[in-house]
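# Understanding the architecture of this molecule
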Amino acid sequence: MDKKLQGQIAIITGASSGIGAGVAKSLSAAGATVVINYPVAAAKDAAEAVLAEIKTAGGAGNTSMCDVSKEDQVQKMFADTVQQYGTVDILINNAGLQKDSPFESMSLEQWNFVLGVNLTGQFLCAREAIREFLRRGVDPKRSRAAGKIIHMSSVHEVIPWAGHANYAASKGGILMLMKTLAQEFAWKKIRINSICPGAIQTPINRSAWDTPEALKSLLTLIPYQRIGIPEDIGNAAVWLCSDDSDYVNGTSLFVDGGMTLYPGFTENG
Ligand code: NAD
């Protein structure tokens, strides 16, 4: 395999499971050294298992505990990474969660919790990454860009989602955070894009696929007629982090099997 990310250092937040773990494996296979972030001690074993799999496959990296919604912890994770590896080339801003509720009974705590991780967490990590990219600047031996950020957004940055106002608002916020940062730092050769997954088979949406009935109902929303897997996102992330996409900046890449194609209109509405 052509190692398009050889020698680059990537931090992947929320990488002890699901999409983050899948992206970490794909980036590693493409030659990147990966920092597997996880939020709490209870997730350490899962993070170490992801790292062990990566090492068995010939990759390199380490794990790093950090709650992305906490400024001091985020700053420490980046400082530790720079101390260990010299710099950071890639941030996959992936950590995210849901606390679903009918809107009229949604507590302020549920709102703040989701916004704190999904949006503020992406702000805090992007800011540290950009500070490091600005410090180092472009090194043509590493990449044509000074650094790359991928925000893990969702189809719900454009599809409203009843009963999930906090989650949808966080993903809508990521859309403008991503575009504004891309505009602000393009001239510094920092590329910033989003990946918007559709339905990917991970723990976050288990109830949507773990019975035949649930999966059948889910597939009515997916024209391509299969649920996605983390590798689908990993493949897109490798491309979006590599110089093959050097002219791509400020874009949302939908990896969704056509979920955003208004499938309800397939039979003419
Ligand atoms: P997941 O639950 O497997 O992964 C989320 C990860 O985030 C977990 O590893 C969790 O430990 C971590 N995390 C939670 N809070 C954190 C914090 N404060 N600090 C650091 N890490 C934290 O689910 P997933 O599907 O892999 O989700 C990954 C991302 O993809 C999320 O941002 C999610 O919104 C997005 N997404 C998922 C889907 C899907 O269908 N699975 C669709 C669209 C978007």
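Residues numbered from 1 in each chain as written. Predicted model: local features only at pLDDT ≥ 70, side-chain atom pairs only at ≥ 80, totals over all residues. Heavy atoms only, no water.

### Remarks on helix H7 (residues 230-241)
As a reminder, the rule being used: Helix and strand labels come from DSSP, where a helix needs a run of H or I of at least four residues and a strand needs a run of E of at least two; each type is numbered from the N terminus. To estimate how far a helix should extend, the number of its residues minus one is multiplied by 1.5 Å. Exposure is judged per residue with a 1.4 Å probe applied to protein chains only, and the accessible area is read against the type maximum: over 50% gives exposed, under 20% gives buried, and values in between give partly exposed. By definition in these notes, contact holds between two residues if any of their heavy atoms fall within 4.5 Å.
Its 12 residues place the ends of H7 16 Å apart at the C-alpha level, agreeing with the 16 Å of an ideal helix rising 1.5 Å per residue. Looking at H7, one finds that the buried residues are Pro 230, Ile 233, Gly 234, Ala 236, Ala 237, Val 238, Leu 240 and Cys 241. The secondary structure elements touched by the buried residues of H7 are helix H1 (18-29), strand E4 (90-93), strand E5 (147-152), strand E6 (190-197) and strand E7 (252-255).

### Some details on the site of the ligand
Quick reminder of the rule: In these notes, residues near a molecule or strand are those with any non-hydrogen atom within 4 Å of it. N or O atoms within 3.5 Å of each other form a polar contact, as long as, within protein, one can give a hydrogen and the other can take it, and as long as residues adjacent in sequence are counted only when both atoms are side-chain atoms. Surface exposure here means Shrake-Rupley accessible area, sampled with a 1.4 Å probe, where a residue is shielded only by the protein chains that are shown. Classification convention: Asp, Glu, Lys, Arg as charged; Ala, Val, Leu, Ile, Met, Phe, Trp, Tyr, Cys, Pro as nonpolar; all other residues, Gly among them, as polar.
Around the ligand sit 28 residues, and of these Ser 17, Ile 19, Tyr 167, Ile 200 and Thr 202 come closest. At 2.7 Å from an oxygen atom of the ligand is found a main-chain nitrogen or oxygen belonging to Ile 19. Take Ile 200: an N or O atom from its main chain is 2.8 Å from an oxygen atom of the ligand. Protein chains bury 91% of the 810 Å² of accessible surface belonging to the ligand in isolation. Sorting the residues of the shell around the ligand by element identifies H1 and helix H5 (165-185) as the ones contributing at least two each. For the shell around the ligand, the class distribution of residues is 14 nonpolar, 12 polar and two charged.

### Quick look at the sheet that holds E4
Stated formally: In this scheme, strands are said to pair when DSSP sees at least two bridges between them. To get an axis, fit a line to the C-alpha atoms, keeping to the stretch in contact for a helix; angles then go from 0 to 180 degrees between the N-to-C directions.
Ordered by their spatial adjacency, seven strands build an open sheet running E3-E2-E1-E4-E5-E6-E7, and the pairing between neighbours is parallel. Unpaired on one side and paired on the other, strand E3 (61-65) and E7 mark the two borders of the sheet. Between one strand axis and the next, the sheet turns by 20 degrees as a mean value, whatever way the strands run. One ladder, built from three bridges, connects strand E1 (residues 9-12) with E4; its direction is parallel. Residue pairing for E4: Ile 11 is matched across the bridge by Leu 91. On top of the sheet, helix H2 (residues 44-56) reaches strand E2 (33-38) and E3; it is set at about 165 degrees to E2, its chief contact. Of the strands in this sheet, E5, E6 and E7 touch H5, which is tilted by about 160 degrees from E6.

### A word on the pairing of E4
Condition: Note on handedness: a crossover is taken as right-handed if, strands pointing away from the viewer, the path from the first strand over the helix to the second is clockwise.
Every second residue of E4 is oriented toward a common face, with Ile 90 and Ile 92 on one face and Leu 91 and Asn 93 on the other, all of them buried. Of the pairings in the sheet, the one linking E4 to E5 comprises four bridges and is parallel in character. Paired with Asn 93 across the two strands is His 151, which belongs to E5. Handedness of the crossover joining E4 and E5 through helix H4 (residues 108-136): right-handed.

### With respect to H4
Put simply, the rule is: What we call the bend at a residue is the angle made by axes fitted to the seven residues finishing there and the seven residues starting there.
Its 29 residues give H4 an end-to-end C-alpha distance of 40 Å, which sits within 8% of 42 Å, the value for a rise of 1.5 Å per residue. Where H4 bends most, the angle comes to about 40 degrees, and this point is Gly 116.

By themselves these figures say nothing about function.
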